[in-house]
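# Structural features, examined
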Amino acid sequence: MSFTLVMLLLGALLLLVIGINLIQQHKEQVENVKRQEMAKQRAIIEETEQILSMAPVLPFSSALLVTLNQRILDALDAALVIDPKHTDLARRKADIQAQLTNLAKGADHAPSLDTFSVPNNEKQVLAMVQTLKRLKAVIRNEHSKSRMNHDRYVEENHRVDQLQVRINATVLFERARMALQANQVGSAKQLLSKLVATLNSHGGTDHSFKDTMLERANELLGEIDTRQKANLHQVSNEPKSEKDDLDQLFQPKKKW
């Protein structure tokens, strides 16, 4: 009888241990899912904030600013569901709500791309290129989630494309100009040819910028051609060297 009781107690204890382990594993899984989801929402917030930090130098439309701030607000709401007592998230949510309220008071406005200028600093240019690449992915994602209507998506995506072309074309032109100043004529001509091909392939409807850059590129190509012709003329008019005279003196005599 006592042996049976002991076995029952041991069985019950084993079941209890198994149950506790299963509960612990479940809690760990739940916490792991929460951590992953929180990390995901934080990544969304950080990425969007990095894009918004470039708003002073990139001509973002007011509608795009609303979309980006709303993206942060949605991520904050999702994060607060996971951790409702997180004071920093709550404070950040209040700031974003205030920002959205201010944007709603203003008119829907998209700055002209002509107000945009490419900086000379390569690090700043690289930051712009990376930001536009991220922005393109973000607006595509927002459109796929029906947070941005189709017409707005097409318009914003087109503006990003135009900005990318403007940056690429300007950088190519400046590198060609610097190469020419360093008398690297071949490199300059190659860069300008690439610039013209880029504008003809991706210039799109940005006619004003395209025409201006093509005119500047053709002027520089004309300068390169002038230099090359001048160099050829100079070489052809150079006096024969002493070695050439000696070669002619000692060449085999012709028989008449």
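Now for a quick tour of the structure. Here the structure is a predicted model, which means the values were calculated and not measured.

Time to look at a nonpolar patch on the surface. A cluster of nonpolar residues, Phe-3, Val-6, Met-7, Leu-10, Leu-13, Leu-16, Val-17 and Ile-20, forms a patch on the protein surface that exposes about 770 Å² of accessible area. According to the relative accessible area criterion, Leu-13 is partly exposed, its value standing at 47%.

Glancing now at the pattern of salt bridges. One pass over the structure, following the stated rule, counts 16 salt bridges. Between Arg-227 and Glu-223 there is a salt bridge, with the nearest N and O atoms lying 3.4 Å from each other. Of the two residues, Arg-227 and Glu-223 both sit in helix 7 (residues 207–237), four residues apart, roughly one turn of that helix. Glu-223 sits in the partly exposed class, given a relative accessible area of 36%. Linked through salt bridges whose partners overlap, the residues forming this network are Glu-47, Arg-71, Asp-74, Glu-142 and Arg-147.

At a closest axis distance of 9 Å, the pairing of helix 1 (residues 2–52) and helix 2 (residues 62–82) adopts a crossing angle of 160 degrees. Relative to helix 2, the element helix 1 lies roughly antiparallel. Crossing geometry of helix 1 relative to helix 2 is assigned as left-handed. Of the residues in helix 2, those touching helix 1 at Lys-34, Glu-37, Met-38, Gln-41, Ile-44, Ile-45, Glu-47, Thr-48, Glu-49, Ile-51 and Leu-52 are Leu-65, Leu-68, Asn-69, Arg-71, Ile-72, Ala-75, Leu-76, Ala-78, Ala-79 and Ile-82.

Scanning the entire structure with this criterion turns up one cavity of 30 Å³ or more. By volume, the largest cavity is sized at about 60 Å³. What lines the largest cavity is simply Pro-59, Phe-60, Ser-61, Leu-64, Leu-132, Leu-135, Glu-156, Arg-159, Val-160 and Leu-163. Among the secondary structure elements, those contributing two or more residues to the lining of the largest cavity are helix 4 (122–144) and helix 5 (150–181). Looking at the lining of the largest cavity element by element, the count peaks at four residues for helix 5. Counted by class, the lining of the largest cavity contains seven nonpolar, one polar and two charged residues.

Moving on, we come to unusual backbone geometry. In the Ramachandran plot, Ser-146 falls in the positive-phi region, its phi being about 65 degrees despite a non-glycine side chain. Examined against the element boundaries, Ser-146 turns out to sit in the loop between helix 4 and helix 5. Here the phi dihedral of Asn-183 falls at roughly 65 degrees; this positive angle occurs in a residue that is not glycine.

If you look at the biggest cluster of nonpolar residues, it comprises 35 residues, and the most contacted ones within it are Phe-60, Leu-68 and Leu-135. Only helix 1, helix 2, helix 3 (87–105), helix 4 and helix 5 provide two or more residues apiece to this core. Once residues lying within four places of it in the same chain are set aside, the contact partners of Phe-60 are Ile-51, Met-54, Ala-55, Leu-65, Leu-68, Pro-111 and Leu-135. Residues Leu-172, Ala-179, Leu-199 and Met-213 belong to the second largest nonpolar core, which totals 20 residues.

The calculated volume of the largest pocket comes to roughly 240 Å³. Forming the walls of the largest pocket are Val-118, Pro-119, Asn-120, Glu-122, Val-125, Thr-170, Val-171, Glu-174, Arg-175, Arg-177 and Met-178. Where the lining of the largest pocket is concerned, the elements lending two or more residues are helix 4 and helix 5. Looking at the lining of the largest pocket residue by residue, the classes come out as five nonpolar, two polar and four charged.

In an α-helix there are 3.6 residues to a turn, and that puts residues three or four apart on one side. Across its 32 residues, helix 5 extends 47 Å between first and last C-alpha, which sits within 8% of the 46 Å expected from 1.5 Å per residue. Where helix 5 starts, the residue carrying a side-chain oxygen 3.2 Å from the main-chain nitrogen of Asp-151 turns out to be Asn-149. Positioned one or two residues after helix 5, Asn-183 has a phi angle of 65 degrees, which is positive.

Rules used in this analysis
Residues numbered from 1 in each chain as written. Predicted model: local features only at pLDDT ≥ 70, side-chain atom pairs only at ≥ 80, totals over all residues. Heavy atoms only, no water. Patch = residues over 30% accessible without salt bridge, like charges linked within 9 Å, V, L, I, M, F, W, Y side chains within 5 Å. Areas by Shrake-Rupley, 256 points an atom, 1.4 Å probe, with all protein chains shown as cover. Salt bridge = Lys/Arg side-chain N within 4 Å of Asp/Glu carboxyl O. Buried < 20%, exposed > 50% of the residue type's maximum accessible area, 1.4 Å probe, protein only. Helix = DSSP H or I, 4+ residues; strand = E, 2+ residues; numbered from the N terminus. Axes fitted to C-alpha atoms, helices over the stretch in contact; angles between N-to-C directions. Parallel < 35°, antiparallel > 145°, perpendicular 65-115°, else oblique. Left-handed = near helix turned anticlockwise from the far one by under 90°. Contact = heavy atoms within 4.5 Å. 1 Å grid on protein atoms, 1.4 Å probe; cavity = no way out; pocket = protein on both sides within 12 Å on 5 of 7 lines; lining within 4 Å. Points joined across faces, edges and corners; volume = space filled by probe spheres on them. Nonpolar A, V, L, I, M, F, W, Y, C, P; charged D, E, K, R; others polar. Core = buried A, V, L, I, M, F, W, Y, C linked by side-chain atoms within 4.5 Å. Expected span 1.5 Å × (residues − 1). Polar contact = N/O pair within 3.5 Å; in protein donor to acceptor, adjacent residues only side chain to side chain.

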